[in-house]
Amino acid sequence: MALIPVLRCLMTVLFLCVWSNAQAEVRPTQVSSTSPSEVPFDVWEDPDGQAGIEQVIRLPDSQWQTEATGNATFGITSSAYWIRFAVENRVPDTLNLIAELAYSQLDDVVFYVFSGGERVETFRTGDARPFYPRQVDHPNMLLRLELGPSQVKTIYVRAQTAGSMILPLAVWRANDFFGAASNEQKLHFFYYGSLTVIILINLAVFLTLREKLYLYYAFAIAGYLLFFASIKGYSFQLLYPEYPAVHARALLVSMPILALFSVLFCRELLKIPSHSPKLDIAIRVMIGFEVINFMSALSLGYNSAIILSAVSALFFFSLLFVAGPITWVAGVRSGAFFTVAWTPLTIGVLAAAGRALGFFPENFLTEHAMQIGSGLEAFILTLALADRLYREREDKIRAQADNLQKEKARSEAQNRLNDAMTHDPVTSLPNRNRFEHMVNEQLQQDPGGRYMVGVARITRLDEINRTLGLSRSDRLLRRLARQMTALAHELPFLHRSRDDRGRQELVYQLSGDSFGLLVNPREVNDDFESLNQALKQLAEPVILDNLAIELHPKFGAASYPEHGDNAALLIRNAHVGMEIAPHSRFETGFYTQEFDIYSESRLTLMSDLREALDENGTELYYQPKLSLFSGSVVGLEALIRWHHPERGWVAPSDFIPLAEETGVITQLTRWAVERGVRDLASLSGDYPDLSISINISARDLASPDLEGLIASTLRTHGVEPHRLTLELTETAAMQDPDKGLKTLERLAGSGILVSIDDFGSGYSSLSYLRRLPATEIKLDRSLIEDLATSDSAMVIVQTAINMAHTLGYQVVAEGVENEQSARLIRQLGCDKLQGYWLGRPMSLTDVGAWLAVELNSLAMLHEL
């Protein structure tokens, strides 16, 4: 033990020798435009605290230690510390500066200002003295300085405190300091205000429910509020500036208060006694210790009390940090909230304690770590309390709701019945019956008036249904209905009516994808500009589940009395007007008999189709077909597409029925066979096993040229017959059973495959189908759509597959839109699938690129 003083002396001598070689005179900091300036300073420790300024200024440079960063932390110490630094004005103007020791917990601070070797000012402050008078109304230790041009001032500062010795030094320009201080105080008081709101809310809940949990939490947050207001010096500045002793004790008392009530809150929230008896013992010990800590804060010396509180905080937060996961594992829902909440707070407490004990440096993170952590903790635990309150009241609310539901059941049943008769079940908009009744009634009341029926149709709704499914498309329709209703309320010239329940009716749903309204043109004073703008808004993409969906709506209108004298005729003509491209700046197509394509002009459609076939105005798109056993693409179905030079894209459902009626279908089939076989031949080099499916009709079966056409086309392009599949519907096969059967037998005998398309959508004789030389049955998409949601659909599909397999057919599922349906049909034993989930119809170029990219990855699909 006798060696210890000797070793200390040797180390001190060595230190002073090294330091004497490194030290120089005090170099002044040049004040620039940057504020605050980092001010390196020299520091000297006065262990007994007895040195005066005269002794200190005579100290040799070797006695001083330089802090180049302008920031020093010495932990809890009873020593006094002296720092010295100099500032120099290198600008031509007089500078007003503020030297700041940015730590409000220094008990005694004395600033000595020297200029030209003479002491010109002495200023005493510190939180052990009354707050006023201070040169600046701020909790930190501040000194005002005025520097003339080229003037240098040297400042000595003596600091002593009973707590942690932290000396962060900065020199500010006065205006910059006041701006930064103002911004910092706004953040602090926002934080204090948030804690106050949380306290008041929990006190209000406690007074309402009389549950002590909320009282504990309010007192715990009050402890945080007192702690941070004290440690930042704001409570001293604002509440008791003349009583520094009260300020010191307030800080000491705040720590056991927040700890005690946090432990009580934790025990109550996590229901620790019933879920973890051993943990409850530790919690009880912690409660007793915090009571002792509270009494110590009132009686012990400052240093002893602050060390006891720091040690208490380490154990206290460690215990509560463990309590969350333990109760979480035990099945307490609040344990999850508690674990998440106390993680940032525990980290903040450890950082703050380490800073106070001198283990961590003084910086923004260590200074504000506990404040940031406590803010996050308060927010998350407030959510936990809200969750707990909600769940505790849930059963009671549910019971009350059940009672109300029973009381309203009879009246609501009647209302639902009425709504079902007069309103759309998805959007709740009044339906076509209501619209026709309203329009006819208005025309009867005002036969000499002028009115306009407007119709809007969502043209992509079928595609949206197939792509997104009915559930999401219903959500889309509901959103669209709300948007249309909101826009309609802003248009005063729309006719308004009320139903029996007093609900206003503006927009009506005429069908699944069509909407109608009645316009009174006599009340329009802006040339329909507001209506046109509303329609443009409806044409904008709708965001649904992060998808921007183009609705492609069309708008049509018909006028009374020019275009009809009753609602049904006006609606019909408005729909026709919708198909007419607008010829003005308006979004709406107005009905004119000249452009009524469903009258004389419709008769020219087939001549246009013949011309398109002769001039290659049509094209084939291909949709892939996947084998569920090999996981590879085994075929392509050819689908015809026609872009009319005037009408645009013409839907197959618009021209194929007409082609069958007029006989143009035979020319269309001839073109499809020649083009399809030619395209298959172009793909054969890369995909020699790929097959193609082409649709034929009942008229084709009756044509004597069909067999020869197919045979010669296959020979011309060198395609084996088994790579061609002819698809025909049940209805087509049944139109002329005997003749059709003979034709199919001859085709099958030549090696061509036959497939029954849309099986399950029509009426067929199983005994006849059994005689057909088909190798494949394609289940209609109507059977697949509800497969994932309907048990009956599952039974029907399973029965159809079993029956087809028994008859020796392979089964293809059409219209597979999602992976769930794909998995289900594979489990049911289906052989192949086709649908948007696998791929949409593509041009020859696109399908070639798609096969090159996708074919390798599709081999894994057999793992469905």
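Reading the values: the criteria
Residues numbered from 1 in each chain as written. Predicted model: local features only at pLDDT ≥ 70, side-chain atom pairs only at ≥ 80, totals over all residues. Heavy atoms only, no water. Helix = DSSP H or I, 4+ residues; strand = E, 2+ residues; numbered from the N terminus. Pairing = 2+ DSSP bridges. Contact = heavy atoms within 4.5 Å. Axes fitted to C-alpha atoms, helices over the stretch in contact; angles between N-to-C directions. Expected span 1.5 Å × (residues − 1). Buried < 20%, exposed > 50% of the residue type's maximum accessible area, 1.4 Å probe, protein only. Salt bridge = Lys/Arg side-chain N within 4 Å of Asp/Glu carboxyl O. Parallel < 35°, antiparallel > 145°, perpendicular 65-115°, else oblique. Left-handed = near helix turned anticlockwise from the far one by under 90°. Nonpolar A, V, L, I, M, F, W, Y, C, P; charged D, E, K, R; others polar. pLDDT = per-residue confidence, 0-100. Lys, Arg positive; Asp, Glu negative; His and termini not counted. Polar contact = N/O pair within 3.5 Å; in protein donor to acceptor, adjacent residues only side chain to side chain. Phe/Tyr/Trp six-rings, centres within 6.5 Å; stacked < 30°, edge-to-face > 60°. Lys NZ or Arg CZ within 6 Å of the ring centre and 35° of its normal. Core = buried A, V, L, I, M, F, W, Y, C linked by side-chain atoms within 4.5 Å. Arc of directions from axis to C-beta.

Focus on the environment of leucine 213
Tracing the backbone shows leucine 213 in helix α4 (residues 212–231). Between the alpha carbons of leucine 213 and cysteine 266 there is a distance of 8.7 Å; along the sequence they are 53 residues apart.

Digging into the sheet that holds strand β17 (residues 514–519)
Here five strands make up an open sheet; going across it, the order is β16-β17-β13-β20-β21 and the pairing mixed. Each edge of the sheet is formed by a strand with only one pairing partner; in this case those strands are β16 (508–509) and β21 (588–590). The pairing of strand β13 (residues 451–458) with strand β20 (residues 553–560) spans eight bridges and is antiparallel. Looking across to β20, one finds that valine 453 is bridged to alanine 558. Sitting on the sheet, helix α16 (residues 567–578) is in contact with β13, β17, β20 and β21, with an inclination near 135° to β20.

Side note on helix α6 (residues 244–269)
Taking 1.5 Å per residue as the helical rise, α6 with its 26 residues ought to reach 38 Å, and the 37 Å between its terminal C-alpha atoms agrees with that figure. Extensive coverage of α6 is indicated by the burial of 19 of its 26 residues. Backbone geometry just after α6 places lysine 271 at a positive phi near 50°.

Focus: the pattern of salt bridges
Should their charged atoms come close, side chains of opposite charge can pair. Enumeration over the complete set of coordinates arrives at 29 salt bridges. Among the salt bridges present, the one from glutamate 817 reaches arginine 781, with a minimum N-O distance of 3.7 Å. Residue glutamate 817 is located in the loop between β29 (810–813) and α27 (819–827), and its partner arginine 781 is located in helix α25 (residues 781–784); the two are separated by 36 residues in the primary sequence. Exposure remark for arginine 781: the relative accessible area of 34% places this residue in the partly exposed category. Sharing partners across several salt bridges, the network here consists of Lys625, Glu637, Glu727, Glu776, Lys778, Glu814 and Lys832.

A few points about the packing of α6 against helix α8 (residues 277–299)
In contact at an axis separation of 9 Å, α6 and α8 are set at 165° when each is read in the N-to-C sense. Classified by the angle between their axes, α6 and α8 sit roughly antiparallel to one another. For the pair α6 and α8, the crossing hand works out as left-handed. When grouped by side-chain class, the residues that make up the contact of α6 with α8 number 15 nonpolar, three polar and five charged.

Some words on the confidence of the model for the protein
Summing up the model confidence of the protein, the mean pLDDT is 82 and the portion of residues at 70 or higher is 89%. Confidence drops under pLDDT 50 across residues 1–24; counting only partners more than four residues distant or on other chains, this segment forms 15 contacts.

Quick notes on the packing of helix α3 (residues 174–209) against α4
Viewed as axis vectors pointing N to C, α3 and α4 meet at an angle of 160°, and their least axial separation amounts to 8 Å. Taken together, the axis directions place α3 and α4 in an arrangement best described as roughly antiparallel. As for the relative orientation of α3 and α4, their crossing is left-handed in sense. On α4, the residues that touch Tyr191, Tyr192, Leu195, Thr196, Ile198, Ile199, Asn202, Leu203, Val205, Phe206 and Leu209 of α3 are Lys212, Tyr214, Leu215, Tyr217, Ala218, Ile221, Ala222, Tyr224, Leu225, Phe228 and Ala229. Across the contact of α3 with α4, the residue classes break down as 19 nonpolar, two polar and one charged.

Focus: the side chain of serine 473
In this structure, serine 473 sits in helix α14 (residues 470–489). The class for serine 473 is buried, based on a relative accessible area of 1%. Leaving out residues up to four positions away in the same chain, serine 473 has contacts with Ile464 and Asn465.

Concerning the pairing of strand β10 (residues 141–147)
Along β10, five of the seven residues are buried, which leaves the element largely enclosed by surrounding structure. In this sheet, β10 lies alongside strand β7 (residues 95–101) in antiparallel orientation, the contact comprising seven bridges. Across the sheet, residue leucine 95 finds its bridge partner in β10, namely leucine 147.

Looking at the side chain of aspartate 424
Checked against the element boundaries, aspartate 424 lands in the loop between α11 (364–422) and α12 (432–445). The buried charged residue aspartate 424 lacks any salt bridge, with arginine 478 as its nearest oppositely charged partner at 7.8 Å. Looking at aspartate 424, its side chain comes within polar contact range of the main-chain nitrogen of valine 426, at 2.9 Å. Setting aside its immediate chain neighbours within four residues, aspartate 424 contacts Leu429, Asn431 and Gln509.

With respect to the packing of aromatic side chains
Scanning all chains against the criterion turns up 21 aromatic pairs. Arranged with centres 4.8 Å apart and planes meeting at 75°, the rings of phenylalanine 131 and tyrosine 132 form a pair that is edge-to-face. Their ring planes at 40° and their centres at 6.5 Å tell us that tyrosine 216 and phenylalanine 261 sit as a pair that is tilted. With a gap of 45 residues between them, tyrosine 216 in helix α4 and phenylalanine 261 in helix α6 connect regions that are remote in the sequence. Through a chain of ring-to-ring contacts, three or more aromatic side chains come together here, namely Phe189, Tyr191, Tyr192, Phe227, Phe228 and Tyr234. Against the face of tyrosine 451 rests arginine 522, its NZ or CZ located 5.6 Å from the ring centre. In this arrangement the basic side chain of arginine 840 is found over the ring face of tyrosine 836, its NZ or CZ atom lying 4.2 Å from the centre.

Description of the pairing of β17
The buried fraction of β17 amounts to six of the six residues, a majority that puts the element mostly inside the structure. Along β17, one buried face is formed by Ser514, Gly516 and Leu518 and the opposite face, lined by Phe515, Leu517 and Val519, is buried too. Where β13 meets β17, six bridges bridge the pair, whose relative direction is antiparallel. Paired with valine 453 across the strands is leucine 518, a residue of β17. Note: β16 against β17, two bridges, orientation antiparallel. Bridge pairing in β17 places tyrosine 508 opposite glycine 516. Linkage of β16 to β17, two consecutive antiparallel strands, is achieved through a turn of four residues.

Section: unusual backbone geometry
The phi torsion of most residues other than glycine is negative, and most of the peptide bonds are trans. For the bond from tyrosine 132 to proline 133, the omega torsion is 5°, close enough to zero to count as cis. Checked against the element boundaries, proline 133 lands in the loop between β9 (118–125) and β10. The residue after tyrosine 560, namely proline 561, is reached through a cis peptide bond having omega 10°. Looking at the secondary structure, you find proline 561 in the loop between β20 and α16. For aspartate 545, which is not glycine, the phi dihedral falls at a positive 55°. Locating aspartate 545 in the fold gives a position in the loop between β18 (542–544) and β19 (547–549).

What about the environment of arginine 249?
Note that arginine 249 resides in helix α6. Since its relative accessible area comes to 28%, arginine 249 is described here as partly exposed. Here the alpha-carbon distance between arginine 249 and glycine 301, two residues 52 residues apart in the chain, equals 9.9 Å. When sequence neighbours within four positions are dropped, the list of residues in contact with arginine 249 reads Ser296, Ala297, Leu298, Ser299, Leu300 and Gly301. There is a polar contact of 2.8 Å between the side chain of arginine 249 and the backbone oxygen of leucine 300.

Focus on the nonpolar core
The biggest cluster of nonpolar side chains holds 73 residues, and the ones touching the most others in it are Phe655, Ile710, Leu779 and Ile825. When sequence neighbours within four positions are dropped, the list of residues in contact with isoleucine 825 reads Leu628, Ile784, Leu787, Ala813, Val816, Cys830 and Leu833. Met255, Ala259, Phe261 and Leu320 belong to the second largest nonpolar core, which has 55 residues in total.

Things to note about helix α23 (residues 737–749)
Between its terminal C-alpha atoms α23 stretches 18 Å, which fits the 18 Å expected from 13 residues at 1.5 Å a residue. Buried within α23 are the following residues: Gly740, Leu741, Thr743, Leu744 and Leu747. Angularly, the buried residues of α23 cover 165° about the axis, an arc narrow enough to put them on a single face. Exposed residues pointing more than 90 degrees away from the buried face of α23 are listed as Asp738, Lys742 and Gly749.

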